[in-house]
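Here is how the chains run, residue by residue.
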Amino acid sequence: MNQPPKSFVLVQEDRLLSFATACFEKVGLEAEHAAVVGRLLVNNDLRGVRSHGSRTVDMYCEGFERGAANPRPEIKVLHETPTSTVLDGDGTIGYMPMRRAAEAAISKAKEVGLGIGLVRHIDHYGSAGHYSRMCMEAGCIGFSSQGHRNMGNAAGREQKPQVGFFGNPPISFAIPSGAEPPVVLDAATNILSGYDNLEAAEREALLSKIPAAFFKSMGYTAVASLMGGALTGFTLPETEALIQRWPGASFGGTVLAIDLNAVVPEAKFRAEVDRMVKDVRETYQPMPGYDRALLPGAVEEELFELHRREGIRYGEPEQADLRRVSERLGIPLPWE
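Given the structure is predicted, the values throughout are model-derived calculations rather than measurements.

1. Brief notes about the packing of helix α2 (residues 31-47) against helix α10 (residues 298-310)
Consideration 1: Following both chains from N to C, one finds α2 and α10 inclined at 105 degrees, their axes separated by 7 Å at the closest point. Taken as axis vectors, α2 and α10 run roughly perpendicular relative to one another. On α10, the residues that touch Arg39, Asn43, Asp45, Leu46 and Arg47 of α2 are Glu300, Leu303, Phe304, His307 and Arg308.
Consideration 2: Looking at the contact of α2 with α10, its residues break down into three nonpolar, two polar and five charged.

See below:
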């Protein structure tokens, strides 16, 4: 999904942001909340992360409209220590609560070297990279993941699913650089994520051909889910009432910030990141089908500058999603 679209219209950043914000306001979000969610979604469009960009406006608005998520949350701090902040998202989608959690994590990291922000009672929080990048932009290493209640329970199905394909939570690490592009892993943990075109027989055959890859995938899934879910306290008894009120709020989210200057001179660290990025680019052969050997995050940085300069290449699947929400809410499309 996140390959560049073959067919597209060019959409200007400001028009897409205005459209997304207007849609969220129409379904009941306050202006600041709507603007925050719209901004983060359009940031993904700019980076070429098409799967988690503004095409999801339709899905999120539909959730607000049917009462799965809270459009007017009272986000509050539940518990705080010198290194941690736990927030209640009050049943809304995860963007605004997680932004506040990231801000809290960064603030604590700047004070004591390390900070963690955790949110319970939220719906989907989108791309984990939103929150790890916030840390990175503040001079910290950032980590984020999200977990879902009852992850791993496949009871009730006619046939047990294959454990090698278990789960697919978001996970991200963001590492600051100097002159070179930062290293940003912003991904889902399942090894076959993004390969929906594979036939069932092809998928099954891979299990015996490369079993170690699937065991790693299972491990990443379990760790990301537990750190982004159970660690937030979303299974505590007092959480049940809110989940009954807002059925979409069965997720948690975690963001961790490590201040560079607390452990190493920041300039030295950034120089070593630059050295690695440059050496990989200049001394390794590219992956088959690619023309450069780039570490994760480099392409997103290039696309961000390209799309901000020339307009966002908005593919046909994204256009279809925006047409649906445009027709339903009466908001004019941003490319017409």
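2. Description of the sheet that holds strand β5 (residues 140-148)
Consideration 1: Spatial ordering of the open sheet is given by β2-β3-β4-β8-β5-β6-β7, a layout of seven strands whose pairing is mixed. In this open sheet, the two strands that pair with only one neighbour each are β2 (76-80) and β7 (183-188). Ignoring which end each strand starts from, the neighbouring axes of this sheet average 15 degrees apart.
Consideration 2: As judged from the nine bridges shared by β5 and strand β8 (residues 251-259), these two strands associate in the antiparallel manner. Within β8, the position partnered with Cys140 by the bridge is Asp259.
Consideration 3: Contacts from helix α4 (residues 95-112) reach β2, β3 (84-88), β4 (114-122), β5 and β8 within the one sheet, and its direction differs from that of β4 by about 160 degrees.

3. Points about the packing of aromatic side chains
Consideration 1: Under the counting rule described, the total for this entry stands at five aromatic pairs.
Consideration 2: Where Tyr125 meets Tyr131, the ring centres are 4.9 Å apart and the plane angle is 45 degrees; that geometry is what we call tilted.
Consideration 3: Ring centres of Tyr314 and Trp335 lie 5.8 Å apart, and the angle between their planes is 40 degrees; on these two criteria the pair is classed as tilted. Residue Tyr314 is found in strand β9 (residues 312-315), and its partner Trp335 is found in the segment after α11 (316-329); the two are separated by 21 residues along the sequence. For the residue pair Tyr314 and Trp335, the accessibility class agrees, reading buried in each case.

4. Some remarks on the nonpolar core
Consideration 1: The biggest cluster of nonpolar side chains holds 51 residues, and the ones touching the most others in it are Cys23, Phe24, Val57, Cys61, Tyr95, Tyr131 and Val255.
Consideration 2: A per-element tally of this core places α4 first, with eight residues.
Consideration 3: Residues contacting Phe24, with those up to four places away along its chain left out, are Leu29, Ala34, Val37, Gly38, Leu41, Val57, Tyr60, Cys61 and Phe64.

5. Points about the pattern of salt bridges
Where charged atoms from two side chains of opposite charge approach closely, those side chains can pair.
Consideration 1: Going through the model one piece at a time under the given rule, you end up with 24 salt bridges.
Consideration 2: For the salt bridge of Glu240 with Arg149, the shortest nitrogen-to-oxygen distance reads 2.8 Å. Placement of the pair is Glu240 in helix α8 (residues 240-245) and Arg149 in the loop between β5 and β6 (170-175), with a sequence separation of 91 residues.
Consideration 3: Owing to a relative accessible area of 35%, Glu240 belongs among the partly exposed residues under this scheme.
Consideration 4: We classify Arg149 as buried; its relative accessible area is 16%.
Consideration 5: If you follow the salt bridges from partner to partner, you end up with Arg55, Asp58, Glu65, Asp321, Arg324 and Arg328 in one network.

6. Things to note about the side chain of Arg47
Consideration 1: Checked against the element boundaries, Arg47 lands in helix α2.
Consideration 2: In this structure, Arg47 is buried with no salt-bridge partner, the nearest side chain bearing the opposite charge being Glu137 at 4.4 Å.
Consideration 3: Not counting the four nearest positions on each side in its chain, Arg47 is found in contact with Arg133, Glu137, Glu300, Leu303 and Phe304.

7. Thoughts on helix α1 (residues 13-26)
Consideration 1: Taking 1.5 Å of rise per residue, the 14 residues of α1 would be expected to cover 20 Å, and the 20 Å separating its terminal C-alpha atoms lies within 8% of that figure.
Consideration 2: On its buried face, α1 sits against β1 (8-11), α2, α3 (57-65), α10, β9 and α11.
Consideration 3: At the C-terminal side of α1, Gly28 shows a positive phi close to 115 degrees.

Criteria and thresholds
Residues numbered from 1 in each chain as written. Predicted model: local features only at pLDDT ≥ 70, side-chain atom pairs only at ≥ 80, totals over all residues. Heavy atoms only, no water. Axes fitted to C-alpha atoms, helices over the stretch in contact; angles between N-to-C directions. Helix = DSSP H or I, 4+ residues; strand = E, 2+ residues; numbered from the N terminus. Parallel < 35°, antiparallel > 145°, perpendicular 65-115°, else oblique. Contact = heavy atoms within 4.5 Å. Nonpolar A, V, L, I, M, F, W, Y, C, P; charged D, E, K, R; others polar. Pairing = 2+ DSSP bridges. Phe/Tyr/Trp six-rings, centres within 6.5 Å; stacked < 30°, edge-to-face > 60°. Buried < 20%, exposed > 50% of the residue type's maximum accessible area, 1.4 Å probe, protein only. Core = buried A, V, L, I, M, F, W, Y, C linked by side-chain atoms within 4.5 Å. Salt bridge = Lys/Arg side-chain N within 4 Å of Asp/Glu carboxyl O. Lys, Arg positive; Asp, Glu negative; His and termini not counted. Expected span 1.5 Å × (residues − 1).

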